[in-house]
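Chain by chain, the residues run as shown.
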Amino acid sequence: MILIGRSKWVPPRRWKLWSLPRPALSYVLGVEAVAVVITALAVASTVSGARTGVRPTEWVAFAVLAAASVLHLESARGIERRREMAANTSPYTNLKSLWVFAGLLLLPLSLVVALVVVSYGYSWIRVYGRTIAHRKVFSASTFILASGAAAAVLRAGGLLNEPRVPTGPWTLLVVVAAATTWWLVNFALVIGAILLSSPDATARGALGDLADQLVVVAGLGLGVAVAGLQASYPWVVPILMVTVLALHRDLLLPQFQRAAGTDVKTGLATPAYWANAVPTELARAETMRSTVGLLMLDLDRFKEINDTYGHPAGDQALRAVGESVRAEVRQGDLVARVGGDELAVLLPGATETEVLEVAERIRDRLSALSVSVDTSTDTTAVISGVPASFGAAVYPEVAATMDQLVLAADNALLTAKRDGRNRIVAARPNPPAVTDHADQPVGD
């Protein structure tokens, strides 16, 4: 058996791992098998290779890095939990790479693997809470593979013995090449898992926001600095650790802001975040003499899913719907969950034609959506098709304010529901009021 979450044990046959599509399952198990092989070879090299075991200074460096990693994770526990939830079908970036890459420059590979295990083990227990275990095991495996590849680059560049910190132009180039290799291997492995695990995921969505990868790059750079100080001036390392912890929130501020406005069930924007975004976009559109499109969509007969399979299954279906909607909108559009099963899409700069094209793509995708859910009877069911009704409105054609825009889209949505569901209705401008001048006095 394996521990899932903080206190819940489940038998192997009920592990979420087995619910992965067959190609994804083979891929995940393959990556984990390679990680096991790398670990075995690293341990064998440390015990019976050219080395005579782990040196006392390396044990001290390992203890320092492990303690720093745990302290870092604990101090950012709330942020990290929300950020991973927001990532969903895109790579989840974090600063674990800082301590792992520092270890790669200071320690034998066997202790680097142990550092990865400590970091992810503590994250599993304290940071992520009840989550899917195989994702954490796979993430740790990608770190081990990336570390193995980076270690090979260091050795190929002539940096055979620890510590392997840069001391000149050539060694700096080798360390930069190793860091680049580490990032590329880890990133590629995660992207492959996302695409294989989520058949509806797009390459663009799987890549996520590449700017987020600056977090990993920053972590690798700080790792080099930590390794250099630990090798030459170890008493300065605590000062750098405090600096890293102090900078953590600022470094991750954009992601933290997105996470703070993220609905935990769907990964979409919250109603509060969306309500603040709409007037901002309308003001920008007024200044730029542009337009803003709004789509309101309500899932048809979603209550039947909850009643038939249970609310956890409904949450799974709702999350799949959110992923499908995000896959069909444009870059820069905002998708929010504004009610139980009601979503809203804000489309800055969109014309009515573009709004209706996006709505049609979403409608087609949801109609053909197939979702595997866990039922209240501990079985798995497949929901085929989660249709929705749509109301569309465009500023300033049909509305001059946020309230008017939302009301116009809501009224169009109600018309779509009333006219048979699973359809799109666009709001139309209200005709100007006509004043009957025949009954008014002309004058004296």
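Please read all numbers here as calculations on a predicted model, not as lab measurements.

Our next topic: the UniProt feature "transmembrane region" (unreviewed entry) in the protein. Under the present numbering, the feature "transmembrane region" (unreviewed entry) in UniProt falls on residues 24–47, 99–125, 137–158, 170–198 and 210–229. The span residues 24–47 shows a helical share of 100% and a strand share of 0%, and its end C-alpha atoms are spaced 35 Å apart. From the first C-alpha to the last, residues 99–125 spans 19 Å; its make-up is 93% helix and 0% strand.

Right, let's get into the nonpolar core. If you look at the biggest cluster of nonpolar residues, it comprises 53 residues, and the most contacted ones within it are Leu65, Phe101, Leu104, Leu107, Leu154 and Trp182. Of all elements in the fold, only helix H1 (22–48), helix H2 (56–75), helix H4 (96–106), helix H5 (109–127), helix H6 (133–156), helix H7 (169–197), helix H9 (214–232) and helix H10 (237–251) reach the threshold of two or more residues within this core. Top contributing element to this core by residue count: H6, with 9 residues. Excluding residues within four positions of it along the chain, leucine 107 makes contact with Glu58, Ala61, Phe62, Leu65, Val112, Glu162 and Arg164. Judged by nonpolar contacts, the second largest core, of 34 residues, contains Phe302, Ala317, Val329 and Ile362.

A separate point is the side chain of serine 119. As for its placement among the helices and strands, serine 119 is situated in helix H5. In contact with serine 119, not counting residues within four places along its chain, are Ser69, Leu73 and Lys96.

What follows concerns the sheet that holds strand E4 (residues 334–337). Spatially, the 5 strands line up as an open sheet ordered E4-E5-E3-E8-E9, and their pairing is mixed. The open sheet is flanked by E4 and strand E9 (424–426), the only strands paired with a single partner. Going across the sheet, the axis of each strand differs from the next one's by a mean of 20°, ignoring polarity. Against the sheet, helix H16 (residues 402–418) makes contact with strand E3 (292–299), strand E5 (342–348), strand E8 (388–395) and E9, and its axis sits at roughly 150° relative to E8, the strand it touches most.

H16 packs onto helix H12 (residues 271–288) with a crossing angle of 110° between their chain directions and a minimal axis gap of 10 Å. In terms of orientation, H12 and H16 fall into the roughly perpendicular class. Every pair of crossing elements has a handedness; the one defined by H12 and H16 is right-handed. In this structure, H12 uses Trp274, Ala275, Val278, Pro279 and Leu282 to contact H16, whose residues at the interface are Met402, Leu405 and Val406.

This part takes up the pairing of strand E7 (residues 380–384). Along any regular strand the residues' side chains alternate between the sheet's two faces. On E7, burial follows the alternation: Ala381 and Ile383 on one face are buried, whereas Thr380, Val382 and Ser384 on the facing-out side are not. With 5 bridges connecting them, strand E6 (residues 370–374) and E7 associate as antiparallel partners. When the bridges of E7 are listed, valine 373 appears paired with alanine 381.

On to the environment of proline 429. Within the fold, proline 429 resides in the segment after E9. The spatial distance from the C-alpha of proline 429 to the C-alpha of glutamate 397 is 6.4 Å, given a sequence separation of 32 residues. Beyond its immediate sequence surroundings of up to four residues, proline 429 is in contact with Glu397 and Val398.

Thresholds, definitions, all that
- Residues numbered from 1 in each chain as written.
- Predicted model: local features only at pLDDT ≥ 70, side-chain atom pairs only at ≥ 80, totals over all residues.
- Heavy atoms only, no water.
- UniProt positions renumbered as here; feature names shortened; annotations may be inferred.
- Helix = DSSP H or I, 4+ residues; strand = E, 2+ residues; numbered from the N terminus.
- Core = buried A, V, L, I, M, F, W, Y, C linked by side-chain atoms within 4.5 Å.
- Buried < 20%, exposed > 50% of the residue type's maximum accessible area, 1.4 Å probe, protein only.
- Contact = heavy atoms within 4.5 Å.
- Pairing = 2+ DSSP bridges.
- Axes fitted to C-alpha atoms, helices over the stretch in contact; angles between N-to-C directions.
- Parallel < 35°, antiparallel > 145°, perpendicular 65-115°, else oblique.
- Left-handed = near helix turned anticlockwise from the far one by under 90°.

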